[in-house]
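Take a look at the letters that make up each chain.
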Amino acid sequence: MAAMNMNQEQFEQAIREEKPVLVDFWAPWCGYCRRIGPAYEKIGEEYADSLAVGKINIDEEPRLAGAEGIEVIPTLVLYQNGKAVDSITAPGSKAEIDRFIQGALAK
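Described below are features of the structure shown in this document. Just so you know, these numbers come straight off a predicted model, no measurement behind them.

### Let's talk about helix α1 (residues 8-16)
For α1, the full list of buried residues reads Phe 11, Ala 14 and Ile 15. Angularly, the buried residues of α1 cover 90° about the axis, an arc narrow enough to put them on a single face. Along α1, the residues that are exposed and aim more than 90 degrees away from the buried face are Glu 9 and Arg 16. The inward-facing, buried residues of α1 contact β2 (21-26), β3 (52-57), α3 (62-67) and β4 (75-80).

### What to know about the nonpolar core
The biggest cluster of nonpolar side chains holds 19 residues, and the ones touching the most others in it are Met 6, Phe 11, Val 23, Phe 25, Ile 56, Ile 73 and Tyr 79. Sorting the residues of this core by element identifies α1, β2, α3 and β4 as the ones contributing at least two each. Looking at this core element by element, the count peaks at four residues for β2. If you look at the next biggest cluster of nonpolar residues, it comprises 16 residues, including Leu 22, Ile 36, Leu 76 and Ile 97.

### Some remarks on the side chain of Asn 57
In this structure, Asn 57 sits in strand β3. On the basis of relative accessibility, which here comes to 9%, the residue Asn 57 falls in the buried class. A polar atom in the side chain of Asn 57 sits 2.8 Å from the backbone nitrogen of Asp 59. Apart from the residues lying within four places of it in its own chain, the contact partners of Asn 57 are Trp 26, Ala 27 and Pro 28.

What counts and how
Residues numbered from 1 in each chain as written. Predicted model: local features only at pLDDT ≥ 70, side-chain atom pairs only at ≥ 80, totals over all residues. Heavy atoms only, no water. Buried < 20%, exposed > 50% of the residue type's maximum accessible area, 1.4 Å probe, protein only. Helix = DSSP H or I, 4+ residues; strand = E, 2+ residues; numbered from the N terminus. Arc of directions from axis to C-beta. Contact = heavy atoms within 4.5 Å. Core = buried A, V, L, I, M, F, W, Y, C linked by side-chain atoms within 4.5 Å. Polar contact = N/O pair within 3.5 Å; in protein donor to acceptor, adjacent residues only side chain to side chain.

Below is the structure:
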């Protein structure tokens, strides 16, 4: 399943679900965000059974980005049971995102 574009309401609902949620905080003007986008979409497909995957455009949801402490993009945050478990900023590859997810879920 492809990453879902989320607004604040969808985000708040998703992180309350039982399934962990990986959220990509990004912006359309961010070249690096666009470059890592295809790898993030593959993550959404590969982890569809165990993980929900979403994207939040910080230009459209600046209050949410601020409330979540997002200072640099792209930042991926893994949420479990309504709380941020771990985050990674500017991952360099799909393999790095895979390692991050495995480590964060193991906590």
